[in-house]
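# Notes for the structure review
As a plain string of letters, each chain reads:
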Amino acid sequence: SRTEQLLYWTRIGRELPRSWTDQRLSVARHNFRGEIPHAVLVRISMLGPAADQAAMVLERFTRELVSALPPKGRLALLGPIA
């Protein structure tokens, strides 16, 4: 009986798929090349019913988190950024 707002993303290899279908296709492409990609699922959440307000808080937290990480940490969460 609680409301939780969340923000999440996946990184598969160098890709940041935006849907379940894109995730499956990314894995398939890697498999066809004989690769087992490094991947991560990032989930950030907070309690509260106000989705609009939570979105702003989660986005701000995520930006601060990413900027505070050392380069290897950013690489793990976001992959190589061009």
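See above for the structure.
In this report, we go over the structure that sits alongside the text. (Residues numbered from 1 in each chain as written. Predicted model: local features only at pLDDT ≥ 70, side-chain atom pairs only at ≥ 80, totals over all residues. Heavy atoms only, no water.)

### A closer look at the pattern of salt bridges
In this structure the tally under the stated criterion is five salt bridges. Between Glu4 and Arg43 there is a salt bridge, and its shortest N-O distance comes to 3.3 Å. Of the two residues, Glu4 is situated in strand 1 (residues 4-12) and Arg43 in strand 2 (residues 39-47); the sequence distance between them amounts to 39 residues. Take Glu4: its relative accessible area is 29%, and that puts it in the partly exposed class. (Salt bridge = Lys/Arg side-chain N within 4 Å of Asp/Glu carboxyl O. Helix = DSSP H or I, 4+ residues; strand = E, 2+ residues; numbered from the N terminus. Buried < 20%, exposed > 50% of the residue type's maximum accessible area, 1.4 Å probe, protein only.)

### As for the nonpolar core
Residues Trp9, Val42, Ile44, Leu58, Val66, Leu77 and Leu78 constitute the largest nonpolar core, which totals seven residues. For this core, the secondary structure elements donating two or more residues are strand 2, helix 2 (51-68) and helix 3 (71-78). Setting aside chain neighbours within four positions, we find Leu78 in contact with Trp9, Arg11, Leu16 and Val66. (Core = buried A, V, L, I, M, F, W, Y, C linked by side-chain atoms within 4.5 Å. Contact = heavy atoms within 4.5 Å.)

### Observations concerning the side chain of Ser26
Note that Ser26 resides in helix 1 (residues 20-32). Those residues in contact with Ser26 that sit more than four places away from it in its chain are Ile12 and Glu15.

### Things to note about a nonpolar patch on the surface
Together, Leu6, Tyr8 and Leu41 make up an exposed nonpolar region whose accessible area comes to about 340 Å². The topology assignment puts Leu6 in strand 1. You can call Leu6 partly exposed: its relative accessible area is 41%. (Patch = residues over 30% accessible without salt bridge, like charges linked within 9 Å, V, L, I, M, F, W, Y side chains within 5 Å. Areas by Shrake-Rupley, 256 points an atom, 1.4 Å probe, with all protein chains shown as cover.)

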